[in-house]
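Each chain, written out:
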Amino acid sequence: MFGNTIRRAWQVWSDGYCPACKRPVPMYEWIADALGQPWKMRCPHCRELFPKNDFLKFYRSGLNEQNVFDPKRADRSLLFNLEHPDPADPLHKFGVDDGEGYVEGGKRWRFIGAYLIYGQWKQAIVAGRGDAVELIELDNVRLWPR
Ligand SMILES: [Zn+2]
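Note that the structure is predicted; figures quoted are calculated from it, not measured. Along each chain, the written sequence defines residue order, and numbers are assigned to residues from 1. The model is predicted, so local features are restricted to residues of pLDDT at least 70 and side-chain atom pairs to those at 80 or more, both for listing and for counting; the totals for chains, interfaces and linings are taken over all residues.

## Quick notes on the overall build of the protein chain
Regarding its fold elements, the protein chain presents three helices and five strands. Numbering goes from the N terminus for both helices and strands, where a helix is a DSSP run of H or I of at least four residues and a strand is a run of E of at least two. Taken from the N to the C terminus, the helices and strands of the protein chain come in the order β-β-β-α-β-β-α-α. Per-residue burial over the protein chain gives 32% buried out of 146 residues. A pair of residues counts as a contact when their C-beta atoms, built from backbone coordinates, are separated by no more than 7 Å. Contacts spanning at least 24 positions in sequence make up 55% of the contacts within the protein chain whose residues lie at least 6 apart. Around each residue's C-beta, the other C-beta atoms within 10 Å are counted; 20 or more make the residue buried, 12 or fewer make it exposed, and counts in between make it partly exposed. All C-beta atoms are placed from the backbone.

Spelled out as C-alpha cells, the structure:
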C-alpha cells in the first residue's frame, strides 16, 4: 500500500526557477514525460532533467516485504548526481531528490512529488498508455489508497 512515505506535490515549486538555468519555471510549467523520461521533470527552458539521481534505484532499495517504500530502508548512498559521481565534485549532490525534494539554499524543489502527480498519475495511469515495465512500477507506487 502506498502510504505517506512520499509526499505528492501539485507543483515543483509554485513561484520557483530552474536550479540549472535559473530562469523562472512557475506553477505547472515543469514537463513530465512518464514514458519517455520516467522519474524526471524537464525544465521548459534549458531542457535539463531533474532529479539528477537515479530515483527508481533508490526507491527500489527502500521497498519492504509488502513492496511499500520505506525511506528508512532505502540506500542513501544512491543519492548522488549521476553526471557527477565523484564525491569531491561540487555538483555531486546537485539536483538530488530523495522523494522529499531537492534542497538548496533554503529552497525546495519537489521534483519527485510533482512527478508522482504529473508523470505517474496523469500520464501513465489516467492516459492509460503505460507499457508493461511502467505498470510494474505503478503497482508499487499507489497514489491513493485502494
Ligand atoms: Zn532550466
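## Concerning the nonpolar core
The term nonpolar core refers to a set of buried Ala, Val, Leu, Ile, Met, Phe, Trp, Tyr and Cys residues connected through C-beta atoms within 7 Å. Counting 29 residues, the largest nonpolar core has Val 12, Met 41, Phe 111, Ala 114 and Tyr 115 as its most contacted members. In terms of residue count, the dominant contributor to this core is helix α2 (residues 111-126) (six residues). Among all residues touching Tyr 115, those that are not within four sequence positions of it are Ala 32, Trp 39, Met 41 and Gln 120.

## Here we look at unusual backbone geometry
Note that the residue after Phe 50, namely Pro 51, is joined by a cis bond; omega there is -5°. Here Pro 51 shows up in the loop between β3 (49-50) and α1 (55-61). Look at Arg 47: it is not a glycine, yet its phi comes out positive at around 70°. Note that Arg 47 resides in the loop between β2 (41-42) and β3. Look at Arg 47 and you get exposed, because 11 C-beta atoms sit within 10 Å. Although it is not a glycine, Asn 67 adopts a positive phi angle of roughly 60°. With respect to the secondary-structure elements, Asn 67 resides in the loop between α1 and β4 (102-104).

## Quick notes on the environment of Met 27
By secondary structure assignment, the location of Met 27 is in the segment before β1 (31-32). What makes Met 27 partly exposed here is the crowd of 13 C-beta atoms within 10 Å. Along the chain, Met 27 and Trp 10 lie 17 residues apart, while their C-alpha atoms are 8.5 Å from each other. Apart from the residues within four sequence positions on either side, Met 27 is in contact with Gln 11 and Ser 14.

On their own, these measurements won't tell you what the molecule is for.
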